[in-house]
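# Notes for the structure review
One letter stands for each residue in the lines below.
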Amino acid sequence: MIVVENERSECAAYSRQGEIVNSPDVHGFQAGQGEGGTLHRKLPESADGKIGRRECLGCIGAAASAVFMRASPADEKGCARRPREELRQMSVGLSPSLTAALEHIAQERGFFAAQGLNAVLRTYSSGIAGMEDMLNGAVMAAASTAIPVALQAIARSDFRIIATLASLANDNILIARPDSGIHAVQDLAGKRIGCLKGGMPQFTLDLLLMKNGMSNEDIVLGFAVPEKLIEDLVQARLDAVVLFGRYLKQIRERLGENAVALGDRLLTELTVYVTMREEEIRKDPESVERLLRAYIQAEEFATAHRNEAESIVAEGLRMKISEVRKAWADGSFHVGLQQHLLCDLEDKAAWAIERGVARATAIPNYLKLFYCAGLERIDPSRVSIIHAADL
């Protein structure tokens, strides 16, 4: 695949557009929790065997044409230029939603490079897929909401939470086809609803149904990756889907007026977690601190220059600025590790166990997952969680 690469100075943000990586686990259509299906369709594979497209925003070599070069924000502030050999590699897996805001700001404003990191931002179809690739060693860090973290910790303990980045309003919205007779949540009874399995969309759907006196027994539920869900909704193989971030824009662009949003942004809160493998942290704790410092710079920029930050995020996520501002208004960005995170993870684990999403009978000790030393060395006031000594 031919890509267009943009290079700026060492303290600038670098970007390269490629493919979006989708989770290879494509679930067929299911009636309730049973098996069976009409939704199975093999997705096209790229040369490396990944399903779908991948989008990478990352650093590239210094030989790009001057046509693509421009002064970076970090250069304007006079940050010291670092020789290429001093830059440390860092790759972060992201979801195509506002949960990736600080990464896009840090890349665009040159904060990663200013901290000596050659940062590559890789956008996945979901936080679940990004975290899976982090655990497999394909990326060094991953940003996701609580559910992927809670579920992975039930099965394994070889990763750590190095920080949380934001508390955001729910952006997992149910989009339905009015021509299927859906105009309110109660109209979902007996309808075919699709969502991503074992993630915030499924959790949000459960809450939405419960709030309206319904349950999964009242609908026909199917699971698939976001791209397939959108196609099945457009082709009327589904009556409604629950999706997030820029997928909502894609649905509206394809369905036009034949799409009604029934979600509730205040239904639940999204906390953005950054996780890394324990092995990676042990090997290079200094790079962890550099990553955290870049996040803090991005947080401070977002606070001081909100309008510009919103524009950066809208462009990076290819979302409408109005949608970014709407989601931003009900959230806050703060790099930290707080005590309430334990309750967040435990609540999500309890839901997953009860719904059969996780094969477990007990909630794990999530306190062991937190790596606090990196953030404490930078700013102890950002860490309030009670913890024992780290790695």
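In this numbering scheme, every chain counts its residues from 1 along its sequence in written order. pLDDT decides what is reported in this predicted model: residues at 70 or higher carry local features, side-chain atom pairs at 80 or more are listed and counted, and totals for whole chains, interfaces and linings draw on all residues regardless. Each side-chain value is worked out from all heavy atoms of the structure, with water and hydrogens disregarded.

## Topic: the sheet that holds strand 11 (residues 240–243)
- Pairing between strands is defined by DSSP: at least two bridges between the two strands are required. Counting from the N terminus, the helices are the DSSP runs of H or I reaching at least four residues and the strands are the DSSP runs of E reaching at least two. Spatial ordering of the open sheet is given by 10-9-11-8-12, a layout of five strands whose pairing is mixed. Each end of this open sheet is capped by a strand with a single partner; those strands are strand 10 (220–223) and strand 12 (260–261).
- As defined by bridge partners, strand 9 (residues 192–195) adjoins strand 11 across three bridges and the pair is classed as parallel. The residue bridging Ile193 from the neighbouring strand is Ala240, located in strand 11.
- Across the sheet, helix 6 (residues 200–211) touches strand 8 (173–176), strand 9, strand 10 and strand 11, and the angle it forms with strand 9 is around 140°.
- Relative to strand 11, helix 7 (residues 226–234) is tilted by about 155°, and along the sheet it contacts strand 8, strand 9 and strand 11. For this analysis, residues touch if any pair of their heavy atoms sits within 4.5 Å. Angular values range over 0 to 180 degrees, each being the angle between N-to-C directions of two axes fitted as lines to C-alpha atoms, with helices fitted over their stretch in contact.

## Here we look at helix 13 (residues 341–355)
- One less than the residue count of a helix, multiplied by 1.5 Å, gives the span that helix is expected to have. With 15 residues, helix 13 extends 21 Å from end C-alpha to end C-alpha; this agrees with the ideal 21 Å at 1.5 Å per step.
- When helix 13 is considered as a whole, its buried residues turn out to be Leu341, Leu342, Asp344, Leu345, Lys348, Ala349, Trp351 and Ala352.
- With its phi angle positive at about 80°, Gly356 sits one or two positions after the end of helix 13. Each residue's exposure class comes from its accessible area (1.4 Å probe, protein chains only) as a fraction of the maximum for that residue type: buried when under 20%, exposed when over 50%, partly exposed otherwise.

## Observations concerning the pairing of strand 11
- Neither face of strand 11 is left uncovered, since the one carrying Ala240 and Val242 and the one carrying Val241 and Leu243 both have all their residues buried.
- Pairing analysis gives four bridges linking strand 8 to strand 11, with the strands arranged antiparallel. When the sheet's bridge partners are listed, Ala176 is paired in strand 11 with Ala240.

## Section: the packing of helix 10 (residues 285–304) against helix 11 (residues 306–317)
- Where helix 10 meets helix 11, the axes come as close as 5 Å, and the angle between the chain directions of the two elements is 120°. On the basis of their axis angle, the class for helix 10 and helix 11 is oblique. Residues Phe301, Ala302, Thr303 and Ala304 of helix 10 lie in contact with helix 11, whose contacting residues are Arg306, Glu308, Ala309 and Ile312.
- Residue polarity follows a fixed list, in which Ala, Val, Leu, Ile, Met, Phe, Trp, Tyr, Cys and Pro are nonpolar, Asp, Glu, Lys and Arg are charged, and the others, Gly among them, are polar. Class assignment of the residues belonging to the contact of helix 10 with helix 11 gives a composition of five nonpolar, one polar and two charged. Orientation is classified from the angle alone, with under 35 degrees giving roughly parallel, over 145 giving roughly antiparallel, 65 to 115 giving roughly perpendicular, and any other angle giving oblique.

## Topic: the nonpolar core
- We define the nonpolar core as a collection of buried residues of types Ala, Val, Leu, Ile, Met, Phe, Trp, Tyr and Cys that are connected through side-chain atoms lying within 4.5 Å of one another. The biggest cluster of nonpolar side chains holds 81 residues, and the ones touching the most others in it are Ile105, Ile162 and Leu291.
- Ignoring sequence-local partners within four residues, the contact set of Ile162 consists of Val274, Met276, Ile281, Val288, Leu291, Leu292, Leu337 and Tyr371.
- With 18 residues, the next largest nonpolar core counts Ala176, Ile193, Cys195 and Met214 among its residues.

## Some remarks on the pattern of salt bridges
- The rule for a salt bridge is simple: a side-chain nitrogen of Lys or Arg has to be within 4 Å of a carboxyl oxygen of Asp or Glu. In this structure the tally under the stated criterion is 26 salt bridges.
- In this structure, Glu278 engages Arg160 in a salt bridge whose closest nitrogen and oxygen atoms are separated by 3.2 Å. Of this pair, Glu278 sits in helix 9 (residues 278–283) while Arg160 sits in strand 7 (residues 159–169), placing them 118 residues apart in sequence. Across the pair, Arg160 and Glu278 agree in class, each one buried.
- Among the salt bridges present, the one from Glu323 reaches Lys326, with a minimum N-O distance of 3.7 Å. Residue Glu323 and its partner Lys326 are located together in helix 12 (residues 321–329), separated by three residues, close to a single helical turn.
- Linked by salt bridges that have partners in common, Arg88, Asp284, Glu286 and Arg290 make up one network.

## Here's the deal with the confidence of the model for the protein chain
- Each residue carries a pLDDT score, the predictor's own confidence in it, on a scale running from 0 to 100. Per-chain confidence: the protein chain averages 82 in pLDDT, with 77% of residues scoring 70 or above.
- When the criterion is pLDDT under 50, residues 1–82 qualifies, and its contacts beyond four places in sequence or with other chains add up to 202 contacts.

## A look at the environment of Ser322
- With respect to the secondary-structure elements, Ser322 resides in helix 12.
- Along the backbone, Ser322 and Glu310 are twelve residues apart, and their C-alpha atoms lie at a distance of 9.3 Å.

## Brief notes about unusual backbone geometry
- Its identity is not glycine, yet Ala236 carries a phi of approximately 65°, on the positive side.
- Relative to the elements of secondary structure, Ala236 occurs in the loop between helix 7 and strand 11.
- Here Ala236 falls in the partly exposed class, since its relative accessible area comes to 35%.
- Positive phi, normally seen in glycine, also occurs at Arg318, with a value near 55°.
- On the secondary structure map, Arg318 appears in the loop between helix 11 and helix 12.
- Exposure remark for Arg318: the relative accessible area of 34% places this residue in the partly exposed category.

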